[in-house]
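Residue-level listing of the chains:
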Amino acid sequence: MSEPLVRRMREFGETIFAEMSALAVRTGAINLGQGFPDESGPTAMLEHAADAILAGDNQYPPGPGVPELREAVAEQRRARYGLEYDPATEVFVTVGATEGIAAALLGLAEPGDEVIVFEPYYDSYAAMIAMAGAVRRTVTLRPEHGRFTFDPDELRAAVTPRTKLIMVNSPHNPTGTVFNRAELEQIAAVCREHDLVAITDEVYEYLTFDDAEHISLATLDGMRERTVVISSTGKTFSVTGWKTGWVCAPAPFVNAVRTVAQFVTFTASAPYQRATAYALREEGAWVEKLRKSLQSKRDRLISGLDAAGFETLRPQGTYFVQADIRPLGFTDGLELARALPERAGVVAIPTQVFYDHAEAGAHFVRFAFCKREAVIDEAVERLRRLAP
């Protein structure tokens, strides 16, 4: 029998997260690979979900999402970014941001359309572009002055007559970069000039550090009408397993997302939606406390990695630190990541798997700091075994 998997998906095997998490389980290693916190979100939010379940709110909610969550999301976009969205027609609830990204790409990209992505990219982007039959064109983020950024000329050169969409992830996973206003203005100028639609992944919108400010691309001149904004509750409230996200966009784009999503998952969990609506309105102080805690944990992990011999870049946001492995005598991050659980009892993610041009990231591995301080301390102590 011939290969049953469709040709366009054959470059995608088991995700690196599944592979590394399985290694962690098999070896008993500390998992600093996958980006999930080891503590849950605000107690009152969890109680809202439990109360809704016990009250019998366990059947299909409205397909676009429960009205109270769509209204809370619209309120959040207005209060935080000054953006007005009609909760009835311009906000749509998805099963996590991952479904929002998938439905947006499947609903907006025709076969053969080109989609620009910044590499390294979150792995679902490439897979969903392939599922849509579209073509990805990458613009490489490179370290410069202690952070990853792009060359504006390379961005412009990536645009062709077949380009339709651009994916913008900021705060950026896996580099930790938060695009500044000048960078976003360069992206916006390209979108306006070439009539491109932007899909923005803003799931880490609250988790920025030091003086970095998250600016939503949709706030820039001429961009609200051509931007599909995606975010979720998972990172903001430390409940990644809830898989409750949303899309904010002009009604025709939301309709495109809805048309796809209704035949994929139909709708998302009602209890989690109601609890998220509560949290968006009432748990801002908890989120700020989380942000400060993560900044402290970032610094703790960086200090430990530097002491262990890595060369680190200080992320401006997200859960992740990029560590250069060359000072320790290694050059292949994938090879090291696969050996690390046995050699040091720690799991990391090799950054090169998030590139089309793997050589650009071959010497980096990604560590997550969204863990308890004791876990971070034990991990960096183990990593000292790698020192020459």
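Just above sits the structure.
Note that the coordinates shown come from a computational prediction; the quantities given were computed from them, not determined experimentally.

Definitions and cut-offs
Residues numbered from 1 in each chain as written. Predicted model: local features only at pLDDT ≥ 70, side-chain atom pairs only at ≥ 80, totals over all residues. Heavy atoms only, no water. Core = buried A, V, L, I, M, F, W, Y, C linked by side-chain atoms within 4.5 Å. Buried < 20%, exposed > 50% of the residue type's maximum accessible area, 1.4 Å probe, protein only. Contact = heavy atoms within 4.5 Å. Salt bridge = Lys/Arg side-chain N within 4 Å of Asp/Glu carboxyl O. Helix = DSSP H or I, 4+ residues; strand = E, 2+ residues; numbered from the N terminus. Arc of directions from axis to C-beta. Polar contact = N/O pair within 3.5 Å; in protein donor to acceptor, adjacent residues only side chain to side chain. Pairing = 2+ DSSP bridges. Right-handed = clockwise from strand over helix to strand, strands pointing away.

**Student:** So what's going on with the nonpolar core? Residues and values would help.
**Tutor:** Core analysis: the biggest nonpolar cluster contains 95 residues, and Leu105, Val228, Leu301, Phe310, Phe367 and Leu383 have the highest contact counts within it. If we ignore the near neighbours within four places in the chain, the residues touching Leu383 are Leu305, Ala308, Phe310, Leu340, Ala344, Val346 and Phe367. In this structure, Val139, Phe148, Phe150 and Leu196 belong to the second largest nonpolar core, which totals 26 residues.

**Student:** Run through the pattern of salt bridges, naming residues and quoting values.
**Tutor:** Enumeration over the complete set of coordinates arrives at 27 salt bridges. The partner of Arg137 in a salt bridge is Glu114, with the nearest N and O atoms 3.6 Å apart. Here Arg137 is found in strand 4 (residues 135–140), whereas its partner Glu114 is found in strand 3 (residues 114–119), with 23 residues between them in sequence. Residue class for Arg137 comes out partly exposed when judged on its relative accessible area of 29%.

**Student:** Give a detailed account of helix 11 (residues 333–344), specifying residues and quantitative values.
**Tutor:** Along helix 11, the positions that sit buried rather than exposed are Gly333, Leu334, Leu336, Ala337, Leu340, Pro341 and Ala344. When helix 11 is viewed along its axis, its buried side chains cluster within an angular range of 160° and face the same direction. Facing away from the buried side of helix 11, by more than 90 degrees, are the exposed residues Glu335 and Glu342. The elements touched by buried residues of helix 11 are helix 1 (16–27), strand 13 (346–347), strand 14 (349–350), strand 15 (364–368) and helix 12 (373–383). Where helix 11 begins, one side-chain oxygen reaches toward the backbone nitrogen of Leu334, 3.0 Å away; that side chain belongs to Asp332. The first or second residue beyond helix 11 is Gly345, which carries a positive phi of 70°.

**Student:** Please provide a residue-by-residue account of the sheet that holds strand 11 (residues 311–313), values included.
**Tutor:** Taking strand neighbours across the sheet as the criterion, the four strands line up as 11-12-15-14 in an open arrangement whose pairing is antiparallel. Both edges of this open sheet fall to strand 11 and strand 14, since each of them pairs with a single strand only.

**Student:** How would you sum up the environment of Glu154? Please name residues and give values.
**Tutor:** Within the secondary structure, Glu154 is located in helix 6 (residues 152–158). By relative accessible area, Glu154 is classed as partly exposed at 29%. For the pair Glu154 and Thr140, spaced 14 residues apart in sequence, the C-alpha to C-alpha distance is 8.2 Å. Excluding its chain neighbours within four sequence positions, the residues that come into contact with Glu154 are Val139, Thr140 and Arg142. Of the polar contacts made by the side chain of Glu154, one reaches the side chain of Arg142; its length is 3.0 Å.

**Student:** Account for the pairing of strand 7 (residues 163–169), naming residues and giving values.
**Tutor:** Burial within strand 7 is extensive, with six of its seven residues counted as buried. Pairing geometry for strand 3 and strand 7, over four bridges, is parallel. Counterpart to Val117 in the pairing with strand 7 is Met167. After leaving strand 7, the chain enters helix 7 (residues 181–194) and then returns to the sheet as strand 8 (residues 197–201), a path that is right-handed.

Take it as geometry only, folks, not as evidence of what the structure does.
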